[in-house]
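Given next are the chains, with one letter for each unit.
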2 protein chains.
Amino acid sequence: MIGIKHIATELGVSVATISNALAGKGRVSRELGERIRRRAEELGYRPSLAARALKQGRTGILGLVMPDLTNPLFPRIAQTVSIAAERRKLGVLIADSRGSADEQTEAVRRLVGRGVDGLLVVKQRGTVLEPLPVPVAVVNTASDPQNTVSADHAGGGALVARHIADIGHRRVVLYGGDPVSEVQRDRIAGMASALEAGIRARVLWSTGDIAHLLNAVEQGATAILTTSDLLALRVRSALMRVGVSVPEAVSLTGFDDLPLATAMHPALTTVAQNVEAIAERAIESLTRALQGEDGPDIGRTVAMRLVVRESTAIPAFSPNRRHHHD
Amino acid sequence: MIGIKHIATELGVSVATISNALAGKGRVSRELGERIRRRAEELGYRPSLAARALKQGRTGILGLVMPDLTNPLFPRIAQTVSIAAERRKLGVLIADSRGSADEQTEAVRRLVGRGVDGLLVVKQRGTVLEPLPVPVAVVNTASDPQNTVSADHAGGGALVARHIADIGHRRVVLYGGDPVSEVQRDRIAGMASALEAGIRARVLWSTGDIAHLLNAVEQGATAILTTSDLLALRVRSALMRVGVSVPEAVSLTGFDDLPLATAMHPALTTVAQNVEAIAERAIESLTRALQGEDGPDIGRTVAMRLVVRESTAIPAFSPNRRHHHD
DNA sequence: ACGCTTGAGTTAAACGTTTAATCAAGTCTG
DNA sequence: CAGACTTGATTAAACGTTTAACTCAAGCGT
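Residue positions are given per chain, counted from 1 along the sequence in the order it is written. Whichever chain is written first becomes A and whichever ligand is written first becomes 1, with later ones labelled in order. pLDDT decides what is reported in this predicted model: residues at 70 or higher carry local features, side-chain atom pairs at 80 or more are listed and counted, and totals for whole chains, interfaces and linings draw on all residues regardless. Only hydrogens and water are set aside when side-chain values are computed; all heavy atoms of the structure are taken into account.

J.: Is there a simple way to explain the interface of chain A and chain B in this structure?
T.: Residue contacts are defined here by distance: any two heavy atoms, one from each residue, within 4.5 Å place the two residues in contact. Taken together, the 45 residues of chain A in the interface contact 45 residues of chain B. In this description, buried area is defined as the sum, over both parts, of the accessible area (probe of 1.4 Å) that is lost when the two are combined. Considering only the surface of chain A that becomes buried against chain B, A:I94, A:R114 and A:H265 emerge as the three largest contributors, covering 16% of it. In the sections that follow, a salt bridge refers to a side-chain nitrogen of Lys or Arg positioned within 4 Å of a carboxyl oxygen of Asp or Glu. At the surface where chain A touches chain B, the tally comes to 6 salt bridges. Residue A:E310 is joined to B:R241 by a salt bridge in which the shortest nitrogen-to-oxygen separation is 3.7 Å. Distance and chemistry together define a polar contact, namely a pair of N or O atoms within 3.5 Å, with one atom able to donate a hydrogen and the other to accept it when in protein, and with adjacent residues in sequence counting only for side-chain atoms on both sides. Seen at the junction of chain A and chain B, the total is 20 residue pairs in polar contact (both at pLDDT 80 or more). Numbered from the N terminus, helices here are DSSP runs of H or I no shorter than four residues, and strands are runs of E no shorter than two. Only α4 (49-56), α5 (74-87), β2 (91-96), α6 (101-113), α10 (229-241) and α11 (260-263) of chain A provide two or more residues apiece to the side of chain A that touches chain B. With 8 residues, α5(A) is the largest single contributor of residues to the side of chain A that touches chain B. Residues that form the side of chain A that touches chain B fall into these classes: 22 nonpolar, 11 polar and 12 charged. We call Asp, Glu, Lys and Arg charged. Ala, Val, Leu, Ile, Met, Phe, Trp, Tyr, Cys and Pro are nonpolar, and the rest, Gly among them, are polar.

J.: Help me out: how do you make sense of the packing of helix α7 (residues 153-166) of chain A against helix α8 (residues 182-194) of chain A in this one?
T.: Any two packed helices are characterised by the angle at which their axes cross and by the distance between the axes. All names here are of chain A. What counts as an axis is a line fitted to C-alpha atoms, over the stretch in contact for a helix, and the angles between N-to-C directions run from 0 to 180 degrees. Put simply, α7 and α8 touch, their axes get as near as 7 Å, and they point 40° apart. The pairing of α7 with α8 is recorded here as oblique in orientation. Where α7 crosses over α8, the two elements pack in a sense that is right-handed. Contacts from H153, A154, G157, A158, V160, A161 and R162 of α7 reach α8 at V183, D186, R187, G190, M191 and A194. By definition in this entry, angles of less than 35 degrees are roughly parallel, angles greater than 145 are roughly antiparallel, angles of 65 to 115 are roughly perpendicular, and the rest are oblique. Crossing handedness follows the turn of the near helix against the far one: under a right angle anticlockwise gives a left-handed crossing, and clockwise gives a right-handed one.

J.: Sorry, what's going on with the protein's contact with DNA strand D here?
T.: Throughout, near means a residue has at least one heavy atom within 4 Å of the molecule or strand. Close to DNA strand D lie 24 residues, the nearest being A:I4, A:S19, B:T17, B:R27 and B:S29. For DNA strand D, the fraction of protein-proximal atoms (within 4 Å) that sit in sugar or phosphate groups is 61%. Here a phosphate oxygen of DNA strand D sits 2.7 Å away from a polar atom, N or O, in the side chain of A:S19. Here A:S48 contributes a backbone N or O atom positioned 3.3 Å from a phosphate oxygen of DNA strand D.

J.: Where do I start with the nonpolar core in this structure?
T.: Most often, soluble globular proteins keep nonpolar side chains buried together rather than apart. By size, the foremost hydrophobic cluster in this structure holds 135 residues, and its most contacted members are A:L64, A:L120, A:I224, B:L64, B:L120 and B:I224. Not counting residues within four places of it along the chain, the set of residues in contact with A:L120 comprises A:G63, A:L64, A:V65, A:V81, A:A137, A:V139, A:A282, A:I283 and A:L286. Only buried Ala, Val, Leu, Ile, Met, Phe, Trp, Tyr and Cys residues count toward a nonpolar core, and they belong to the same one when joined by side-chain atoms within 4.5 Å. When a residue's accessible area, from a 1.4 Å probe over protein chains only, is under 20% of the maximum for its type it is buried; when over 50% it is exposed; and in between it is partly exposed. Counting 24 residues, the second largest nonpolar core, distinct from the first, contains A:A95, A:V121, A:L129 and B:A107.

J.: Any chance you could explain the packing of α4(A) against helix α4 (residues 49-56) of chain B here in plain terms?
T.: For the pair α4(A) and α4(B), interaxial distance at closest approach is 8 Å and the crossing angle is 140°. Considering the angle they form, α4(A) stands oblique to α4(B). For the pair α4(A) and α4(B), the sense of crossing is left-handed. Within the contact between the two elements, α4(A) uses A:A50, A:A51, A:A53 and A:L54 and α4(B) uses B:A50, B:A51, B:A53 and B:L54. Among the residues making up the contact of α4(A) with α4(B), the classes are represented as 8 nonpolar, no polar and no charged.

J.: Any chance you could explain the protein's contact with DNA strand C here in plain terms?
T.: Lining the immediate surroundings of DNA strand C are 24 residues, of which A:T17, A:R27, A:S29, B:I4 and B:S19 lie closest. Here DNA strand C approaches the protein such that, of its atoms within 4 Å, sugar and phosphate make up 60%. Take the surface near DNA strand C: its biggest share by element is 4 residues, from α4(B). In the surface near DNA strand C, the residues fall into 10 nonpolar, 8 polar and 6 charged.

J.: Explain the pairing of strand β3 (residues 118-122) of chain A here, please?
T.: Within a regular beta strand, the side chains point alternately toward one face of the sheet and then the other, so they alternate between its two faces. By the criterion of burial, β3(A) is predominantly enclosed, with 5 of the 5 residues buried. Residues A:G118, A:L120 and A:V122 line one face of β3(A) and the alternating positions A:L119 and A:V121 line the opposite face, and both faces are buried.

J.: How should I be thinking about helix α1 (residues 4-11) of chain A in this particular structure?
T.: Structural remark: α-helix, 3.6 residues per turn; residues separated by three or four positions point the same way. All names here are of chain A. Of the positions making up α1, those classed as buried are I7, A8 and L11. Buried residues in α1, looked at end-on, bunch into an arc of 100°, giving them a common side. Among the exposed residues of α1, those oriented more than 90 degrees off its buried face are K5 and T9. Contact partners of the buried residues in α1: α2 (15-23) and α3 (30-43). Looking one or two residues past α1, G12 carries a phi angle of roughly 70°, positive in sign. Summarising the geometry, the arc corresponds to the directions from the helix axis toward the C-beta atoms.

As structure tokens, this is what we get:
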């Protein structure tokens, strides 16, 4: 490997001058500076990040902690984070917390132990982050006190609920994945809050028996609002099995706008999370903190966007019964 | 931060002894060794990876390059890799190549520039990797000469094709995503090779018009074999739109066994990739190379597994289909 | 002619480890 | 009991940068 020293002896100057020229910092004449940079380029000089890290106490690496790397949103987050980081010449080290709170703490420790300069953590349901020696940006949900930035899950829920109410539904069921998740709870809460009096909303969770859901439909619910696209696809399948058509008999909505939303039939009405904006802001907040410009931009929330597709429609006339489509 | 030096002065010994005791390397008396380790533990000593990296020339970090981080398999790969790496006390730095071959080269360079000890690259369709100063494990497909380990895509194709043939289909269409992808081509080729003479197979690509596909069905094809679950879901939707039922009228298969495979209706027959085994082996090969035990275990392939669900069935008798001898 | 500033570089220390070389005792060996 | 190992620990160099402090010469105003 070719280092600063090599260039220095080759050009007959001191290493400090090379360092200065390359960093554009100290006093180096225009001419010599040029010459140094040119030669470094020619030699394909790549600074030793390890040495730099040792000296400056910063590694130029960010840690990304996800509750579970198999999370369907992980790819988009990882992508945006990695691109945003790269633009700032930072690396991204990933760590999985495998769904457990303890593992999350462990993951964070490992990353800190590796000397990351900052941490971006997509937080586990309801866990608390211990104080850390590096800046942290937390992505979760607005109702989380430690949150730095997140989608407006409640707002998104309200958005889709309002849409359903607007087109005339009066009996709906809100179908959540797992009540221990803050995000899921917020989405459900948002939906509930947006439904005016006069609308009957029943909350069910997928941790229970799906028969309850079918029951509710039989008893006259005309819309099912789920907290995730995958859940919606499951519901869609269950409905199909008992011959309930979507959206003719019941309207169905998802959450997150995953790729499958457009692939299913009918294409799913859902609410999209601007993952890119969120990740971008998180990184932004992080890099600001790194540079000491500790702006208190905590608690920002990013609006969600309603995407109306084919799975929602004006409710049919008669109160719902099981019917087979013609 | 508390370093080796701190412990040394505190215990009145030299730093070298501390280092030796902690690494279990040099000559240190049993008793003193214990004392040092205990004290280090108490003080919460964490070695500076930067310093170590500088001295040893190894960072303890692996690079993971994916063709596109939004790839649906990325989460599982990332998860397995990160866990396997962690077990070996290695970190994982991710980089996205955004689907472009040039970006892939760039991503690799960046990671190497960051001093990763080894590289795990899930290769872009048909790109060639330049020679690198660090060990590399390539995951792609067996037909790629640079491949280190991969799923047996062709074998998987054969598996699903044989299943379709076994249950009696005689006219099928093989539906691929994009012919520039080596993986997709291998899957299609595997399917084709497993179909005995007497079976009419037509190959179509999703880059073309989907009408061709519906056409083929109208002309008597009773099964559609796709190269991806998402593609299968798309086909399923298209069929539904024109009133063709699955599996009664036509059987449908996917590839990869994504979460959506069980969520759709009918549950999708597909072929599962043992991503975990692949990632594990790749890391294994990589770490072996790191330790100099350069075993030529190149070209290993991991079998795929057929998962029969509800989307495939014995073909129904259909009046507009020609009869033939078995 | 004098001290002052300024521009252009150099020197040398420091970052926190690892590791080869060295050393001081004590223990064998014959 | 002298030399030869052995054991336990120390010294000091090295890894490749960054950076504060310093030198040296030239230009400048008074």
